[in-house]
Structures are given as structure tokens and as C-alpha cells.
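Each chain, letter by letter, is given below.
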Amino acid sequence: MEKPFTAVFRNVGQLYFPQTRVECHYSLSPEHQWSSSDWVGIFEVGWSSVKEYYTYTWAVVPEGYAVGAGVDCCVLFHARYLPRPSAAEYQFVYVNAAGEACARSRTFTFCAPKPLEELETLKEERDEEDGEEELLLVVPRAQLLQSRLEDCLHRQGLLQQALDAARQEAAGERESGAGARAEWERERRAMREERDELRDKLRQSCDRLKRVEGQHKDVKYSQESLTSEVAKLAAEKSESQQRIQLLEEEVKLVTEREKEGALEVERLKERAKKTAAQMKHDEDKRKCLQAENEAALQEARRLRERQEAGELAADALRRELRELGVRQGRSHAELHQARMQVAQLTLQLSEENLGLREERAAWALEREAHKQALDAEKKKVQELSCEVQRKEEWLQEERTEREKLEAELARERDCSRELLSELNGNLRTAHAKREEQQREKEDLLNYICELEQRLGVVPGENSNGDVPATASALEDEQKREDASSAPPRSICSPLFLCAHMERPDRPEAPPETSASDTQAVLQTLSW
């Protein structure tokens, strides 16, 4: 079971040009343990060992890299170490210090642009000594397309980063809006609880007010009853005063009668004295006088009894007057106390009304403040929604621009595919021509060998003393030319010696005809 790759190659093209340097972009995952001995190599497809690389370069990381963190890196392959243009497919391979392949890229090829059809002319303006000059630059079309493709990919990455940032910002705004809404809901619940508490307090105040009103009604009723009792007492007092006046008048009458009785007794005594003086003269008169005296005595006794009864009634009336005065004082004290209680109750009721009005005013102010806070929160929510809508419109514009760029990139890819198909056709025609030339060359060499055999020429020297250019000599010279034209290999590789000791030689290209070979053939024919 293969281990999962800890590195990933990015932005790998389908073809590269050996005349220009090649950039290799890759990303290291947090699980990768980077080392200074890691390297990136170009391998031909079908390789079986990390020693079969064509060229390599050391894997570098940006400054400030920490182990266990993901990072994006880039390395360069110089043009002189790249493979020659051919139909062979290659790929990038990331190798760690232990010699294990950590990542493989997709396949690509190296090809050469056409001489005229694949070149593009660009104008470049330069300012030299306050004078503008236009320079014409001739660059390969594929390189231009590749640079444009890299620019498009870079712009796409920037747009993707901006889109991710906008999405994160929108998500943060949504979270902040959700937090503000939750806070608003909490405040709303708190306001509802306060409103319920205020309602409960108002209900309690109403109940207390009703109780106070009931007490006030009771006090009024008791006051009315007291006033009625006071009125009754006053009526009784007036009646008692009238009775006292009547009794006083009766006492006056009794005293007057007593005075009259005393006068009459005096008169009777005078008469009795007169009669006593005249008793001797008239016994009959004495008897009459005695009878009258007895009657007068009885009447005097009756008057005295009536006088004693009047005195007893006057004493009783005086006691009743004293009791009425005491009761009147008590009633006045109770009335004063009731009036004081009524005044205290009215004062408490006014204080309760004042407190209730203050509570209502405070509740109205709090309700107005909460209403203003709710309006401010609504304005904030509306502003956030407008901002989110603007962000969405901007994202929509970015999407349309991205779609346009993708469409343009698709057109560029179609053009690149057409160009690649045309290059493949030209390459096949070039291979066919080369094979035809090779066959002609082999036929010519065979003809030369037949001529040598027919003429019996010795392979050593000819008649002029010069060394003839035989087929074997031509093959040796072609091998030397191929060896001299092969690209230089780096000797700084850690596997250089092993590659030279164990790597088999590559198949050599078929020899090409040179000017010396043609001259030797002409000399042989003329001879």
C-alpha cells in the first residue's frame, strides 16, 4: 500500500520549451518533514528508481518556514540542463532525504517552436534621456501564451483569495448580525420582563390604591357615622339643655313657691300669734286655726318634699350635664382623632399617587429609551443588510469577470491545443523526412561497401596516401558528434557516480551525413 503524498505540484503545463527556464510550483502539507536534502527532479515517464532522473534541483522553502506548517514553494530549472525537444513525456518528482518519492506531477513534453509561425512580435516603450523609443521583441507564441496563462492563473488565485476573504467577511458580518440579533432578542426579553414587572407593580399599586380607597370609604363612612353620632349627641345635648332650662324654670318656680310658702308660713305664724292672742277669746276660731294650721303644715310638708325632690332632680340633672360634658369631650377627641386619621390617609394617598406618577414617568422614559435603542438596532441591521447586498453584488461582478476569464482561458487552451496538434504533425513529418534520409544514407553506405568489395580496395590507404572515409569511420565520427552535442550533465548530483556506473547508455541517434562523408563518396566514385 503506497503512502499518501505529502507534497502537491501546482500549475504544471502540458509542454515546455528548452530555450527558456522552467518554473516548478509545489505545496508542502503540514505532515511533511522538510529537510535541506530534499530535491525535485525531472524524470522520464516509466522510471522505476529515483536514480533515473534527467536533471534535478534542491527543494527550497521560504524564509520563516516552521516544521508542521503548510507552505507554497517554487524552484527553477535552467535551460541548459533541460532535455532536448522530443515526443518523450516527463514529470516532476519530489524526493525527500530518505530517497522516497513524496509527489508526482502530471506528464508534459519539451518541444521547440517553429521558426517563423510560432514567433510573436511585441512592442516595448522605453524612456532614454527624456525620449521615448519603441523596441520590437520577438518571443515564441507558446512562451507568450504560457506567460498569459500564468498571469491568468495568478489573477484567478488573487480573485479566489479576494472571494474567500469576501466570503469570510460576509460570514463574519452574518455572525455579528446574528450576535446583534441575539443581543437584541435578549434586550427585548429583558424589556418584556421589565414590562411584566412594571405591570405587576402597577397591578399591586392599583390593588393598594383600591385598598386605600376602601379604607378611605370606610373612614368616610366612620366619619359620617361619627358626624351623625355627634349630631345626635348635639341634639341630645340641646334637648338636655332644654330640659335643664325647663328644670331650672321649675326650680325657680319651686323656689318662688317656697318663698311664697315661707311668706305664707310667716303670715300664718303671725296669724297664729294673733290667734294665740285671741285663743282665749274664741276656741272655735282656734280649732279652725288649728285645722288650718295642720293643713298648712301638711302643705308645708308637701312643699318641702317637693323641694327635696326638686333638689334631687337638679342633682341628677347636674350629673347628667357633667356626663354629657364628658361625653361631648370624648366625642370631640374622637372626632379630632378621626380627622387626624383622615388627614394621614389623604396624605398617604397623595404620596402613593405621586410615587405612581413618578413610576409612570420613569417607565415612559425607559420605554422611550428602549424604543430609541430598538430603532438604532433596526438601523444597524438595515445598514448590515445593505452592506451584505453590496458585497453580494460585488461577488456577482467578480463571478462574471471570472467567467469571462475562464472563457478567455478556454479559448487560449483551444488555441494551444490546435498549436500542439500542429506541432505534433510537423514533428511527425520531420521524423518521416529524417527516416527517409537515414534510409538513403544506409543505401549509400551499402553501395560504397559494394564498390569497395568490387574494386578490392584495401581499408588502410588509397592511392593518394589518405585514409578513406569508410562506413565504420563515418559511424565513429557520427558517434563523436552526438557525444559532443549531448547536453551537459551536472556533476554535483548526489547520485552522479551511481548514475554513470549503473545507468545504461541511451540509444544513440542515427548518424547524419556531413560534408566530409559526401566528399569521400565522390572521391571513391571518381576513382
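Within any chain, residue numbers begin from 1 and follow the written order of that chain's sequence. Where totals are concerned, whole chains, interfaces and linings use all residues; where local detail is concerned, this predicted model gives features only for residues with pLDDT of at least 70, and gives and counts side-chain atom pairs only at 80 or more. Note: side-chain values were computed over all heavy atoms of the structure, leaving out hydrogens and water.

As a reminder of what qualifies: UniProt positions are given in the numbering used here, feature names are shortened, and annotations may be inferred rather than shown by experiment.
If you look the chain up in an unreviewed UniProt entry, it shows as Calcium-binding and coiled-coil domain-containing protein 1b isoform X2 from Betta splendens. Checking UniProt for the chain, the heading Sequence similarities (unreviewed entry) contains the comment "Belongs to the CALCOCO family."

Some details on the overall build of the chain
Defined as follows: Runs of H or I in DSSP of at least four residues are treated as helices and runs of E of at least two as strands, each being numbered from the N terminus. Burial here depends on accessible area, computed with a 1.4 Å probe over protein chains only, as a share of the maximum for the residue type. Under 20% is buried, over 50% is exposed, and the range in between is partly exposed. Contacts between residues were defined by any pair of non-hydrogen atoms, one from each residue, lying within 4.5 Å.
A tally of regular secondary structure across the chain gives five helices and eleven strands. Each of the 527 residues in the chain was classed as buried or not, and the buried ones make up 21%. By sequence separation, contacts in the chain at least 24 residues apart represent 68% of the contacts at least 6 residues apart.

Details of the nonpolar core
Across soluble globular proteins, nonpolar side chains show a tendency to be buried alongside one another. Spelled out, the test is: The set of buried Ala, Val, Leu, Ile, Met, Phe, Trp, Tyr and Cys residues whose side-chain atoms join them within 4.5 Å is what this entry labels a nonpolar core.
Ranked by size, the top nonpolar core spans 24 residues in total, and within it Phe9, Tyr26, Phe77, Phe92 and Tyr94 carry the most contacts. Secondary-structure elements contributing two or more residues to this core are strand S1 (7–10), strand S3 (22–28), strand S4 (39–44), strand S6 (71–77), strand S7 (89–95), strand S8 (101–104) and strand S9 (108–110). If we skip the residues at most four places from it in the chain, phenylalanine 92 touches Phe9, Val12, Tyr16, Val22, Cys24, Gly41, Ile42, Phe77, Ala103, Arg104, Ser105 and Phe108. Ranked by size, the runner-up nonpolar core spans eight residues in total, among them Trp39, Tyr53, Tyr56 and Val93.

What to know about empty space enclosed by the protein
For the record, the criterion: Here the term cavity refers to a set of points on a 1 Å grid, laid over the protein atoms alone, in which a 1.4 Å probe fits but cannot get out; the term pocket refers to an open set having protein on both sides within 12 Å along at least five of seven lines, with lining residues being those that place an atom within 4 Å of a point. Grid points are joined across faces, edges and corners, and a volume is the space filled by probe spheres set on the points. We call Asp, Glu, Lys and Arg charged. Ala, Val, Leu, Ile, Met, Phe, Trp, Tyr, Cys and Pro are nonpolar, and the rest, Gly among them, are polar.
Across all of its chains, the model carries two cavities of 30 Å³ or more by this definition. By volume, the largest cavity amounts to about 50 Å³. Looking at the largest cavity, the residues that line it are Leu159, Gln160, Leu163, Glu398, Arg399 and Arg402. Taken together, the elements giving at least two residues each to the lining of the largest cavity come down to helix H1 (141–277) and helix H2 (283–455). Tallied by class, residues from the lining of the largest cavity come to two nonpolar, one polar and three charged. Here the second largest cavity is characterised by a volume of approximately 40 Å³. Taken together, Val254, Arg257, Glu258, Leu303 and Arg306 make up the lining of the second largest cavity. Within the residue set of the lining of the second largest cavity, elements represented by two or more residues are H1 and H2. Of the residues forming the lining of the second largest cavity, the biggest block, three residues, is contributed by H1. Looking at the lining of the second largest cavity residue by residue, the class counts come to two nonpolar, no polar and three charged.

A few points about the side chain of threonine 109
Mapping threonine 109 onto the fold places it in strand S9. Under the relative-accessibility criterion, threonine 109 is labelled buried at 18%. The contacts of threonine 109, once residues within four sequence positions are left out, are Gln14, Leu15, Tyr16, Ser86, Ala87, Ala88 and Glu89.

Topic: the layout of surface pockets
Each pocket or cavity is described by its volume, and for the second largest pocket that value is around 950 Å³. Around the second largest pocket, the lining is made up of 32 residues, and of these Asn11, Gly13, Leu149, Glu150 and Leu153 lie nearest the centre. Residue assignment for the lining of the second largest pocket shows that the elements contributing at least two residues are strand S2 (15–16), S3, H1 and H2. The biggest single contributor to the lining of the second largest pocket is H1, with twelve residues. Broken down by class, the residue content of the lining of the second largest pocket amounts to 14 nonpolar, nine polar and nine charged.

A closer look at the pairing of S7
The following threshold applies: Strand pairing is assigned whenever DSSP identifies at least 2 bridges connecting the two strands.
Burial runs high along S7: six of the seven residues are buried. Inspection of the sheet shows S7 paired to S9 by two bridges, in the antiparallel sense. Its bridge partner being in S9, glutamate 89 is matched across the sheet by threonine 109. The pairing of S7 with S8 spans three bridges and is antiparallel. Across the sheet, valine 95 pairs through a bridge with alanine 101, a residue of S8.

What about a positive patch on the surface?
The condition that has to hold: By definition, no residue in a patch forms a salt bridge, and every one has over 30% relative accessible area; like charges are joined within 9 Å, nonpolar side chains (Val, Leu, Ile, Met, Phe, Trp, Tyr) within 5 Å. Every accessible area reported is derived by Shrake-Rupley at a probe size of 1.4 Å, with residue values counting cover from the shown protein chains alone. Note on definitions: salt bridges are taken to be side-chain nitrogens of Lys or Arg within 4 Å of carboxyl oxygens of Asp or Glu. Residues scored as positive are Lys and Arg, those scored as negative are Asp and Glu, and His as well as the terminal groups of each chain are ignored. Lysine's charge is taken at NZ, arginine's at CZ, aspartate's at CG and glutamate's at CD.
Together, Arg181, Arg186, Arg188, Arg189, Arg192, Arg195, Arg199, Arg367, Lys371 and Lys378 line one region of the surface with positive charge. Contributions of two or more residues to the positive patch are made by H1 and H2. Top element by residues in the positive patch is H1. It accounts for seven residues. Along the chain, arginine 199 falls in helix H1.

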